[in-house]
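Breakdown of the fold
What follows is each chain in one-letter form.
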Amino acid sequence: MEISRFDALAAELTTDEVDAAESVRNTLADRQWLGRVRTELPDGFRIRLDPRRFDVVVANLVGNALRHGAEPVTVRLSKRGGALVTEVRDCGPGIAPEALPHIFDRFYKADDARSRSSGSGLGLAIAEENVRLHGGTLRAENVPGGGALFTVELPFGGPTSGSGAPDSLPSAQDSPPPARGRRTARA
């Protein structure tokens, strides 16, 4: 259903000003991950976003790190310019170089062994679409020494239009949806 909303450009944001660290802690607590995930969550980062959609983004990234990476998994918040930066890093083998360009594609599973897993291969695509709705970016890369790093950047002021969606999104009558978030790979 959510993917259909994205495709129809009908997905909407319900934004509120929230404390980013509190939001991440709530996501981890709701899924009983607090004891499994290291955090670097400085207080005081207030941001305008859709709390439900941010929860989905963080839950997808942390859930994937716990399932497909290796512990310890770390969630870190920081500020870069006018953006909140949320990083999720694991200590696993990283993402296969041939998988990196496809990691946000719908139904893509990076490992043949996962093709029969309970996951749909939609989690990262949904996370990326939610980030895009906020006017942000999501990228994946491998970390030197091992592990994968997913980085979300969201503007502190929230999306730029009054309806909650970035001004750059076309209307349903316009051409196809814009290209999805930037992908970056680093060896």
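Right above here is the structure, for reference.
Residues numbered from 1 in each chain as written. Predicted model: local features only at pLDDT ≥ 70, side-chain atom pairs only at ≥ 80, totals over all residues. Heavy atoms only, no water.

What to know about the sheet that holds strand β5 (residues 83–89)
Here we have 5 strands laid out as an open sheet, ordered β2-β4-β5-β7-β6, and mixed in their pairing. Two strands close off the open sheet at either side, each with one partner strand: β2 (37–40) and β6 (137–142). Within this sheet the neighbouring strands show an average axis-to-axis angle of 15°, counted without direction. Relative to strand β7 (residues 148–155), β5 is paired through 7 bridges, and the arrangement is antiparallel. Each bridged residue has a counterpart across the sheet, and for R89 the counterpart in β7 is L149. Helix α2 (residues 20–30) contacts β2, β4 (73–80) and β5 of the sheet and is inclined by roughly 165° relative to β4. Running at roughly 135° to β6, helix α4 (residues 123–133) makes contact with β6 and β7 of the sheet. (Pairing = 2+ DSSP bridges. Helix = DSSP H or I, 4+ residues; strand = E, 2+ residues; numbered from the N terminus. Axes fitted to C-alpha atoms, helices over the stretch in contact; angles between N-to-C directions. Contact = heavy atoms within 4.5 Å.)

Description of α2
Of all the residues in α2, the buried ones are A20, A21, S23, V24, T27 and L28. In an axial view of α2, the angular spread of the buried residues amounts to 165°, which keeps them on one side of the axis. One side-chain oxygen of the residue at the start of α2 lies 3.1 Å from the amide nitrogen of A21, identifying that residue as D19. (Buried < 20%, exposed > 50% of the residue type's maximum accessible area, 1.4 Å probe, protein only. Arc of directions from axis to C-beta. Polar contact = N/O pair within 3.5 Å; in protein donor to acceptor, adjacent residues only side chain to side chain.)

Observations regarding the packing of aromatic side chains
For the structure shown, the criterion picks out 2 aromatic pairs. Taking 6.1 Å as the distance between ring centres and 50° as the angle between the ring planes, the aromatic pair formed by F45 and F156 counts as tilted. With F45 in the loop between β2 and β3 (46–49) and F156 in the segment after β7, the pair connects residues that are 111 residues apart, well separated along the chain. Exposure remark for F45: the relative accessible area of 16% places this residue in the buried category. Taking the centre distance of 6.2 Å and the plane angle of 90° together, the rings of F104 and F150 count as edge-to-face. Here F150 lies in strand β7 and F104 lies in the loop between β5 and α4, a separation of 46 residues in the sequence. Given the relative accessible area of 0%, F104 is considered buried. (Phe/Tyr/Trp six-rings, centres within 6.5 Å; stacked < 30°, edge-to-face > 60°.)

What to know about α4
Side chains that are three or four residues apart share a direction in an α-helix, a result of its 3.6 residues per turn. Most of α4 is tucked away, with 10 of its 11 residues classed as buried. Listed as buried for α4 are L124, A125, I126, A127, E128, E129, N130, V131, R132 and L133. Note on α4: the residue one or two positions beyond its end, G135, has a positive phi of about 80°.

Overview of the pattern of salt bridges
Side chains that differ in charge, positive against negative, can pair when their charged atoms come close. Under the definition given, this model contains 10 salt bridges. Among the salt bridges present, the one from E17 reaches R46, with a minimum N-O distance of 3.3 Å. Of the two residues, E17 sits in strand β1 (residues 16–19) while R46 sits in strand β3, which places them 29 residues apart along the sequence. Judged by its relative accessible area of 41%, E17 falls in the partly exposed class. Residue R46 is classed as partly exposed on the basis of its relative accessible area of 42%. When salt bridges with common partners are traced through the structure, they connect E40, R76 and E87 into a single cluster. (Salt bridge = Lys/Arg side-chain N within 4 Å of Asp/Glu carboxyl O.)

As for the pairing of β4
Bridge analysis of β2 against β4 gives 4 bridges, and the strand direction is parallel. Within β4, the residue paired with V37 across the bridge is V73. The sheet contact formed by β4 and β5 spans 7 bridges and is antiparallel. Bridge pairing links L77 to T86 in β5. Connecting β4 to the next strand, β5, in antiparallel fashion are 2 residues, including G81 with a positive phi near 60°.

Things to note about the packing of α2 against helix α3 (residues 51–68)
The contact between α2 and α3 brings their axes to 10 Å, and the two run at 55°. When the axes of α2 and α3 are compared, the pair comes out oblique. Between α2 and α3 the crossing geometry is right-handed. Residues A20, S23, V24, T27 and L28 of α2 lie in contact with α3, whose contacting residues are F54, D55, V58, A59 and V62. For the contact of α2 with α3, the residue count by class is 7 nonpolar, 2 polar and 1 charged. (Parallel < 35°, antiparallel > 145°, perpendicular 65-115°, else oblique. Left-handed = near helix turned anticlockwise from the far one by under 90°. Nonpolar A, V, L, I, M, F, W, Y, C, P; charged D, E, K, R; others polar.)

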